[in-house]
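# Inside the fold
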Amino acid sequence: GSRGAFVGLITLLLVWIAANFRGRWLLLSMTAIIIVVGSLYKMSDRVQQRVDVALAEFEQYRTMESPQAFEDVLDGTAVRFEMWRLSGMVFSDNPVWGVGRGNYWDSSKQYVEKGLVHPDVATHAHPHNAYVEMLISKGIIGLSVFLALLVYPLLFFIKTFKQSRETALLGIIHIAGFSVFSL
């Protein structure tokens, strides 16, 4: 039932297909993935329910005039968007070095007390996104280092793909998976 796992699986399949097929076969493979994903959505009540809930929660958040003044509890997807909005505020106040590791909760309480964000953001220990977590805890310096740790090996594997397809593909899929699951 993990929506992140669905997105991750689709992404990894697309990366594998892009690395292994060209031309007409690439188009056919991508079409097959779209058909399989659509079929999973239609045939599996669990998949359909989880996707529909995520879309409804996103719509709830998108249509709110003022998330911080919303009196009900924010649902999973909506609270994540609100945590990410809070993270933008925290980053703009601490852009270079961030607020330090493990200080999301303390920082979020300050913004809740000022009435700038919904209170539900202060019930979580982190913003549920590795990129945003790095940005607020370590600032632009930390995010840059984190991205370099992902991009440099990825570029290396892409560069060496023709010399060692299996090893490079394994590395590319590993980094793509880590990158997507970090969202």
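Residues numbered from 1 in each chain as written. Predicted model: local features only at pLDDT ≥ 70, side-chain atom pairs only at ≥ 80, totals over all residues. Heavy atoms only, no water.

## Comments concerning the pattern of salt bridges
Rules: Salt bridges, as used here, are contacts in which a Lys or Arg side-chain nitrogen is within 4 Å of a carboxyl oxygen on Asp or Glu. Only runs of H or I of at least four residues qualify as helices and only runs of E of at least two qualify as strands under DSSP, and these elements are numbered from the N terminus. Burial classes: relative accessible area under 20% of the type maximum marks a residue as buried, over 50% as exposed, and values in between as partly exposed (1.4 Å probe, protein chains only).
Counted by the stated rule, this structure contains two salt bridges. R62 is the partner of E59 in a salt bridge, and the nearest nitrogen-oxygen pair spans 2.7 Å. Here E59 and its partner R62 are both found in helix α3 (residues 45–63), three residues apart, which amounts to about one turn of the helix. Judged by its relative accessible area of 33%, E59 is partly exposed. Its salt-bridge partner being R85, residue E82 comes within 2.8 Å of it at the nearest N-O pair. Note that E82 and R85 are positioned in helix α4 (residues 76–93) at a spacing of three residues, about one turn of the helix. Among the residues examined, R85 registers a relative accessible area of 29% and is labelled partly exposed.

## A closer look at the environment of M30
Selection rule: Residue contacts are counted whenever heavy atoms from the two residues lie within 4.5 Å of one another.
Tracing the backbone through its elements, the reader meets M30 in helix α2 (residues 23–43). M30 has contacts with L14, I17 and A18, leaving out every residue within four places of it along the chain.

## Here's the deal with the nonpolar core
Heads up, the rule is: Side-chain atoms within 4.5 Å link the members of a nonpolar core, which is a set of buried Ala, Val, Leu, Ile, Met, Phe, Trp, Tyr and Cys residues.
The biggest cluster of nonpolar side chains holds 14 residues, and the ones touching the most others in it are L86, Y104, Y111, V117 and V121. With six residues, the single largest contributor to this core is α4. Not counting residues up to four positions away in its chain, the partners in contact with Y111 are L86, M89, V90, D93, L116 and V117. L150, A168, L169 and I172 belong to the second-largest nonpolar core, a separate cluster that totals twelve residues.

## Points about the packing of α4 against helix α6 (residues 130–159)
Each pair of packed helices can be summarised by the angle the axes make with each other and by the distance between the axes. Defined as follows: Axes here refer to lines fitted to C-alpha atoms; in helices the fit is confined to the stretch in contact. Angles between the N-to-C directions go from 0 to 180 degrees. For classification, angles of less than 35 degrees are called roughly parallel, those exceeding 145 degrees roughly antiparallel, those between 65 and 115 degrees roughly perpendicular, and all remaining angles oblique.
At a minimum axis separation of 9 Å, α4 and α6 run at an interaxial angle of 10°. Put simply, α4 runs roughly parallel to α6. Seen from α4, the contacting residues are W84, S87, V90 and F91; seen from α6, they are V132, L135, I136 and I140.

## What to know about the environment of L74
On the secondary structure map, L74 appears in the loop between α3 and α4. Taking the C-alpha atoms as reference points, L74 and E57, 17 residues apart in sequence, are found 8.4 Å from one another. Residue contacts for L74: discarding those within four places in its chain leaves M64, V79, E82, H118 and D120.

## Considerations on the packing of aromatic side chains
A ring pair, where both rings are aromatic, is described by two values, the distance of the centres and the angle of the planes. What counts is decided by this rule: Classification of ring pairs rests on two measures: the distance between centres of Phe, Tyr or Trp rings, Trp counted by its six-membered ring, which must be within 6.5 Å, and the angle between planes, read as stacked under 30 degrees, edge-to-face over 60 and tilted in between. Two limits define a charge over a ring: the Lys NZ or Arg CZ must be within 6 Å of the ring centre, and within 35 degrees of the ring normal.
What the rule picks out here adds up to seven aromatic pairs. For the ring pair F156 and F157, a centre distance of 5.9 Å and an interplane angle of 65° mean the geometry is edge-to-face. Clustering of aromatic rings is evident, with ring pairs tying together F58, Y61, F81 and W84. Stacked on the ring of W25, the Lys or Arg R24 has its end atom at 5.8 Å from the ring centre. Over the ring of Y111 we find K114, and its NZ or CZ is 5.5 Å from the ring centre.

## Focus: unusual backbone geometry
One non-glycine residue, H128, lies in the positive phi region at around 60°. Along the chain, the position of H128 falls in the loop between α5 (104–113) and α6. On the basis of relative accessibility, which here comes to 24%, the residue H128 falls in the partly exposed class.

## Points about α6
Convention followed: Expected helix span is taken as 1.5 Å per residue step, with the number of steps being one fewer than the number of residues. The angle between axes fitted to the seven-residue stretch ending at a residue and the seven-residue stretch beginning at it gives the bend at that residue. Here a polar contact means two N or O atoms within 3.5 Å. Within protein one must be a hydrogen donor candidate and the other an acceptor candidate, and residues neighboring in sequence count only if both atoms are side-chain atoms.
Its 30 residues place the ends of α6 only 26 Å apart at the C-alpha level, less than the 44 Å of an ideal helix rising 1.5 Å per residue. When the local axis directions of α6 are compared, the greatest deviation, roughly 135°, occurs at K138. Of all the positions in α6, only Y131, V132, L135, I136, S137, G139, G142, L143, F146, L150 and F157 are classed as buried. The inward-facing, buried residues of α6 abut α4, α5 and α7 (165–181). Capping of α6 at its N-terminal end is provided by N129; its side-chain oxygen lies 2.9 Å from the backbone amide nitrogen of Y131.

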